[in-house]
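# Survey of secondary and tertiary structure
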Amino acid sequence: MFDWMVWTTPTAVFFICIALMLAFMTVWEIRSPTLLRKGFLPMATTRGDRLFIGLLVAAYINLAFLGLGETFMDWFALDEEPSVWISFILSMATLTLIMRKG
């Protein structure tokens, strides 16, 4: 069924984190309904809005990192493409920032 996709460890960890975040956010929303809040984003958002925006940004960071892998090899004189764990850490840090301050 999943033969079409290459399930590497970073890919599995990324999707497991998303599933856990969605489950946690559902429980949190049921226990404590959210209100609109204004942060550094240019609009008032709820927790769910910030999670959606943060997940989009995280996906774009990972895609950009994968697309620029060979360019990074040239820029930094690396022998091989940088690890995707770097983009995972960057994307999760960005998601955390958006959730807390966005």
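Throughout, residues of each chain are indexed from 1 in the direction in which the sequence is written. In keeping with the predicted nature of the model, local features appear solely for residues at pLDDT of at least 70, side-chain atom pairs appear and are counted solely at 80 or more, and the whole-chain, interface and lining totals rest on all residues. Derived side-chain values reflect all non-hydrogen atoms in the structure, with water molecules and hydrogen atoms excluded from consideration.

Bringing helix H2 (residues 47-67) into the picture now. Spanning 21 residues, H2 covers 30 Å between terminal C-alpha atoms, matching the ideal 30 Å at 1.5 Å per step. Relative accessible area decides the class of each residue, using a 1.4 Å probe on protein chains only: under 20% of the type maximum gives buried, over 50% gives exposed, and in between gives partly exposed. Here a strand is any run of E in DSSP of at least two residues, a helix any run of H or I of at least four, and the numbering for each starts at the N terminus. Among the residues making up H2, those that are buried are Arg47, Arg50, Leu51, Ile53, Gly54, Leu55, Ala58, Asn62 and Phe65. Expected span of a helix: the number of residues minus one, times 1.5 Å.

Turning next to helix H1 (residues 9-31). Across its 23 residues, H1 extends 33 Å between first and last C-alpha, which sits within 8% of the 33 Å expected from 1.5 Å per residue. Residues of H1 that are buried include every one of Pro10, Thr11, Phe14, Ile18 and Met25, and no others.

So, on to the pattern of salt bridges. In the sections that follow, a salt bridge refers to a side-chain nitrogen of Lys or Arg positioned within 4 Å of a carboxyl oxygen of Asp or Glu. Inspection of the entire model under this criterion finds one salt bridge. Across the pair Glu29 and Arg47 runs a salt bridge whose closest N-O atoms are separated by 3.3 Å. Taken together, the residues span a long stretch of sequence, with Glu29 in helix H1 and Arg47 in helix H2 at a distance of 18 residues. Classification of Arg47 by relative accessible area gives buried; the value is 9%.

Turning next to a nonpolar patch on the surface. What makes a patch is a set of residues exposed beyond 30% relative accessible area and free of salt bridges, joined within 9 Å when like-charged and within 5 Å when nonpolar (Val, Leu, Ile, Met, Phe, Trp, Tyr). Per-residue accessibility takes into account occlusion by the displayed protein chains alone, with areas from the Shrake-Rupley method and a 1.4 Å probe. A contiguous nonpolar patch, built from Phe52, Leu56, Tyr60, Leu63 and Leu66 and spanning about 560 Å² of accessible area, is present on the exposed surface. Structurally, Tyr60 is set in helix H2. With relative accessibility at 56%, the residue Tyr60 sits in the exposed group.

Positionally, Thr45 belongs in the loop between H1 and H2. Relative accessible area serves as the criterion here: at 1%, Thr45 is assigned to the buried category. Here, two residues are considered to be in contact whenever any of their heavy atoms come within 4.5 Å of each other. When residues no more than four places from it in sequence are discounted, the contact partners of Thr45 are Leu35, Leu36, Arg37, Arg50, Ile53 and Gly102.

Now for the environment of Val27. Note on placement: Val27 falls in helix H1. Classification of Val27 as partly exposed rests on a relative accessible area of 48%. Between the alpha carbons of Val27 and Gly48 there is a distance of 12 Å; along the sequence they are 21 residues apart.

Stacked, tilted and edge-to-face are the three classes assigned to paired rings of Phe, Tyr and Trp, where Trp is represented by its six-membered ring and a pair needs centres within 6.5 Å; plane angles under 30 degrees give stacked, over 60 edge-to-face, the rest tilted. Per the stated rule, a full pass over the model turns up six aromatic pairs. When the ring of Phe24 is compared with that of Trp28, the centres are 5.6 Å apart and the planes differ by 40 degrees; the resulting orientation is tilted. You can see Phe24 and its partner Trp28 sitting in helix H1, four residues apart, about one turn around the helix. Of the residues examined, Trp28 reaches a relative accessible area of 34% and is grouped as partly exposed. Note on Trp85 and Phe88: the rings are 5.7 Å apart at their centroids and 90 degrees apart in plane angle, and the pair reads as edge-to-face. With Trp85 and Phe88 both in helix H4 (residues 84-101), this residue pair falls three residues apart, about one helical turn. We call a charge positioned over a ring when the NZ of a Lys or the CZ of an Arg lies within 6 Å of the ring centre and within 35 degrees of the ring normal. Just above the ring of Trp28 sits the side chain of Arg47; from NZ or CZ to the centre is 4.0 Å.

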